[in-house]
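# Fold and contact review
What follows is each chain in one-letter form.
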Amino acid sequence: MEGVIVGGWGYVAAAWGISLGLLLGWAVVLNVRLAAARAAAQDEGATDAG
Amino acid sequence: MDREHWLGIAGLLLLIGGSVFGLLIAPPEKYMGDVGRILYIHVPTAWNALLIATAAFVIAIGSLVKRSPKWDAALHGTLATTALLTVMLLIQGAIWAKPTWGVYWDWDPRLTTSAIMGVSFAGLLALRASLDDPERRATWTAVGTIIAYVDVPIVYMSIKWWRTLHQNFSTPETVNEMMVIPLRINAFAMLFIGIWLSVRMARLSLAERGAAVPTAPASADPLIAGRA
Amino acid sequence: MGVFAQTLAVFRKDVLLEWRGRSRVSAVVFFSTMTLLLFSFAVGPGREVLSRHAAGYLWLALLLSSVLSLGESFRVETEDEALEGMRLLPVDPRALFFGKASSNFLLLLGLALLLVPGCLVLYSAEIRGSAGLLVASLALGTGGLAAPGTLYAAMTARARGRDVLLPLLLFPLVVPVLLASVKATSLAMTGDPMNQGPSWLGVLVCFDVVYWSLPAILFGRVIED
């Protein structure tokens with residue numbers, strides 16, 4: 001390719017935005033589900049003992 | 001606080017630092033201009049996708065040998081993280097390709113192999129979801145991971161040969177010192193974040209091990225459904 | 001009974017079963033022929049385009065049909081818990097794998113050989129290169145499909161959503177086989193002036209060696225309790 005590609009910050013923003021969005025989204029989903037699973041396990045533990 | 005959070009925080013800080021460096025401080029690339037900055041997130045993502053896939057392969061062998069729920073959970077965690085990183089790298093690659101190659105997709109050997117690896121690993125996650133018995137799920141996921149991983153270099157070589165008959169594209173090599181720094185920082189950043197995500201997923205997998213809610217009709221076959 | 005003898009026994013049993021259930025086999029043949037027709041409808045009747053890509057259509061038809069035939073090969077075992085019965089006998093899992101994979105290979109190779117005249121007719125293709133290259137590419141390619149396909153068929157035979165799981169797992173894996181087989185077959189059909197055929201056969205040999213040995217090692221774990 002000849003010459004320099006001028007500008008293109010839109011592409012940069014898109015790449016970073018989608019990447020961070022995916023990372024953040026997945027991190028949130030994971031931790032929410034983990035908290036729910038741990039809470040459920042605790043409830044079960046309480047009923048077993050109680 | 002779970003210990004992996006230290007890694008996660010470190011990874012996040014490194015990512016912020018590396019990205020600021022790459023986006024604002026490093027000079028624009030010779031031919032690609034500012035679009036080249038996408039590589040500061042794309043290359044680290046790609047490195048770690050392959051690295052964590054390799055970890056999944058090793059863990060898969062361990063899971064077959066050890067037959068323990070923790071190893072299976074670790075496998076699940078690394079598989080999920082690899083799939084996520086692969087999706088990310090494919091999107092990043094396509095966005096980078098449009099201004100530089102003119103098209104979103106070009107059958108570049110590395111990107112194409114990544115796409116196939118992504119589908120393979122996603123298929124393994126789908127296999128997991130279709131199996132109820134935890135031991136069988138662990139064994140078959142491990143077997144599938146070993147096979148999928150061994151395939152990666154074969155796929156790469158065959159696509160490379162297949163491609164050289166048509167075109168010859170060189171991927172850009174960054175040489176500038178100032179460009180190596182954000183690459184290295186972000187490489188570690190994505191590694192730490194990747195490990196953090198894998199451990200979280202592994203914990204989730206372990207917690208949900210017996211309580212999986214099937215999203216398809218149960219199999220009548222005791223081989224799949226597990227002994228009562 | 002040695003592993004080789006067991007393999008032969010499994011192979012003969014499977015081939016006998018295929019022969020007894022040959023209406024199933026002919027269904028797969030009709031399916032693949034139909035696929036060849038569908039490709040020409042999708043692409044248009046232009047003779048030039050069709051004959052140039054005949055090898056590609058052949059292998060796609062073969063790939064799609066393999067999913068049907070591979071799935072069938074284990075469905076037979078699941079009836080009356082036959083697989084459990086086999087496991088209780090002292091059959092070496094490697095023999096089970098090689099026997100089944102060999103019979104699947106034979107079936108796919110037969111299908112491939114049947115599709116060649118179909119392609120020659122429907123796509124106005126010719127065999128301008130060497131027939132040896134053609135047969136070798138068909139044999140090595142179907143071999144590369146049969147072995148991993150047998151392993152995955154065993155895993156997905158009774159899983160929920162098995163019909164989509166088998167191709168989902170198999171197709172990404174056999175991309176190298178598809179690439180190399182199409183290339184080699186295409187060279188055999190359209191001519192191979194620079195003698196590139198052997199290097200593509202080399203890719204297939206590499207793949208076949210890995211994917212006939214690796215699943216054999218792992219097959220025992222796949223069918224164990």
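In this report, the structure presented in the accompanying data block is examined. Within every chain, residues take consecutive numbers counted from 1 along the sequence as written. Chains and ligands are labelled sequentially in the order written, the chains with letters from A and the ligands with numbers from 1. Local features in this predicted model are restricted to residues of pLDDT 70 or higher, and side-chain atom pairs are both shown and tallied only at a pLDDT of 80 or more, whereas totals for entire chains, interfaces and linings draw on every residue.

## Here's the deal with the overall build of chain C
Scanning chain C for helices and strands turns up ten helices and zero strands. Here a strand is any run of E in DSSP of at least two residues, a helix any run of H or I of at least four, and the numbering for each starts at the N terminus. Seen in sequence order, chain C has helices and strands lined up from the N terminus as α-α-α-α-α-α-α-α-α-α. In terms of overall size, chain C behaves like a compact globule, its C-alpha atoms giving a radius of gyration of 18 Å where 225 residues would be expected to give roughly 17 Å. Projecting the C-alpha coordinates of chain C onto the three principal axes gives extents of approximately 55 × 30 × 30 Å. Looking at chain C as a whole, 50% of its 225 residues are labelled buried. By definition, residues are in contact whenever their C-beta atoms, placed on the basis of the backbone, come within 7 Å of each other. For chain C, the proportion of contacts with a sequence separation of at least 24, taken over those separated by at least 6, is 86%. Here the radius of gyration uses the C-alpha set of atoms, whereas the globule reference equals 2.2 Å times the residue count to the power 0.38. Think of it as a crowd count around each C-beta: if 20 or more other C-beta atoms lie within 10 Å the residue is buried, if 12 or fewer it is exposed, and in between it is partly exposed, with C-beta placed from the backbone throughout.

## Section: the overall build of chain B
A tally of helices and strands in chain B yields seven helices and zero strands. Reading chain B from its N end, one meets helices and strands in the order α-α-α-α-α-α-α. Of all 228 residues assigned to chain B, the portion counted as buried reaches 51%. For chain B, long-range pairs separated by at least 24 residues make up 81% of all intrachain contacts whose partners lie at least 6 apart in sequence.

## A few points about the interface of chain B and chain C
Listed as interface residues are 29 residues of chain B and, on the opposing side, 24 residues of chain C. Elements supplying a minimum of two residues to the side of chain B that touches chain C: α4 (109-129), α5 (134-164) and α7 (222-225) of chain B. In terms of residues, the side of chain B that touches chain C owes the most to one element, α5(B), which gives 14 residues. Residue composition of the side of chain B that touches chain C, by class: 20 nonpolar, seven polar and two charged. Polar here means any residue other than Ala, Val, Leu, Ile, Met, Phe, Trp, Tyr, Cys and Pro, which are nonpolar, and Asp, Glu, Lys and Arg, which are charged; Gly is therefore polar.

## Points about the interface of chain B and chain A
Each side of the interface is counted separately: chain B has 28 residues, and chain A has 25 residues. At the level of elements, α2 (39-66), α3 (69-101) and α6 (177-207) of chain B are the ones that each hand at least two residues to the side of chain B that touches chain A. The biggest single contributor to the side of chain B that touches chain A is α3(B), with ten residues. Residue composition of the side of chain B that touches chain A, grouped by class: 17 nonpolar, five polar and six charged.

## Topic: unusual backbone geometry
Residues and elements named next belong to chain C. Of note, S124 is a non-glycine position whose phi angle comes to about 50 degrees, a positive value. Looking at where S124 falls in the secondary structure, it is placed in the loop between α6 (93-122) and α7 (131-156). Positive phi values are uncommon outside glycine, yet N195 reaches one of about 50 degrees. You can call N195 exposed: it has 11 C-beta atoms within 10 Å.

## Things to note about α3(B)
Helix length check: α3(B) (33 residues) gives 46 Å between terminal C-alpha atoms against 48 Å at 1.5 Å per residue, within 8%. With 26 of 33 residues buried, α3(B) is to be regarded as a mostly interior element. One fewer than the residue count of a helix, multiplied by 1.5 Å, yields its expected span.

## Focus: the nonpolar core
When buried Ala, Val, Leu, Ile, Met, Phe, Trp, Tyr and Cys residues are joined through C-beta atoms within 7 Å, the set is termed a nonpolar core. Core analysis: the largest hydrophobic core is formed by 148 residues, its most contacted members being B:I38, B:A56, C:L58, C:L62, C:L108, C:L115 and C:C119. What C:C119 contacts, discounting residues up to four positions off in sequence, is C:L36, C:A54, C:Y57, C:L58 and C:A125.

## Here we look at the packing of α2(B) against α6(B)
Residue and element names in this part refer to chain B. Axes, fitted as lines to C-alpha atoms, cover a helix only where it is in contact. Angles between the N-to-C directions of the axes lie from 0 to 180 degrees. Following both chains from N to C, one finds α2 and α6 inclined at 45 degrees, their axes separated by 8 Å at the closest point. As far as their axial angle goes, α6 and α2 are oblique. The two elements α2 and α6 cross, and the hand of that crossing is right-handed. Contact with α2, carried on its side by Y40, I41, V43, P44, T45, W47, N48, L51 and I52, involves P182, L183, N186, A187, A189, M190, L191, G194 and S198 of α6 and no other residues of that element. Here the contact of α2 with α6 is built from residues that sort into 13 nonpolar, five polar and no charged. Every angle not falling under 35 degrees, over 145, or within 65 to 115 is termed oblique; those three ranges are roughly parallel, roughly antiparallel and roughly perpendicular. Helix crossings fall into two classes, left-handed where the near helix is turned counterclockwise from the far one by less than a right angle and right-handed where it is turned clockwise.

## Let's talk about the environment of C:V3
All names here are of chain C. If you trace the backbone, V3 turns up in helix α1 (residues 3-20). With 15 C-beta atoms counted inside 10 Å, the residue V3 sits in the partly exposed group. Between the C-alpha atoms of V3 and V91, which are 88 residues apart in sequence, the distance is 8.3 Å. Other than its neighbours up to four places away in sequence, V3 contacts D92, R94 and A95.

## What about the environment of B:P27?
Residues and elements named next belong to chain B. Note that P27 resides in the loop between α1 (4-25) and α2. Separated by 100 residues in the primary sequence, P27 and L127 place their C-alpha atoms 46 Å from one another. If we skip the residues at most four places from it in the chain, P27 touches N176 and M178.

## Topic: the packing of α7(C) against helix α9 (residues 175-190) of chain C
Packed helix pairs are characterised by how far apart their axes lie and by the angle those axes make with each other. Residues and elements named next belong to chain C. Where α7 meets α9, the axes come as close as 8 Å, and the angle between the chain directions of the two elements is 165 degrees. Classified by the angle their axes make, α7 and α9 are roughly antiparallel. As for the relative orientation of α7 and α9, their crossing is left-handed in sense. Contacts from L133, L134, S137, L138, G141, G144 and L145 of α7 reach α9 at V177, S181, A184, T185, L187 and A188. Taken together, the residues that form the contact of α7 with α9 break down as eight nonpolar, five polar and no charged.

## Thoughts on the environment of C:A55
Residue and element names in this part refer to chain C. With respect to the helices, strands and loops of the structure, A55 is situated in helix α4 (residues 54-78). On the basis of neighbour count, A55 is assigned to the buried category, with 25 C-beta atoms found within 10 Å. The sequence separation of A55 and A9 amounts to 46 residues, and the corresponding C-alpha distance is 35 Å. Aside from chain neighbours lying at most four places away, what touches A55 is V182, T185, S186 and M189.

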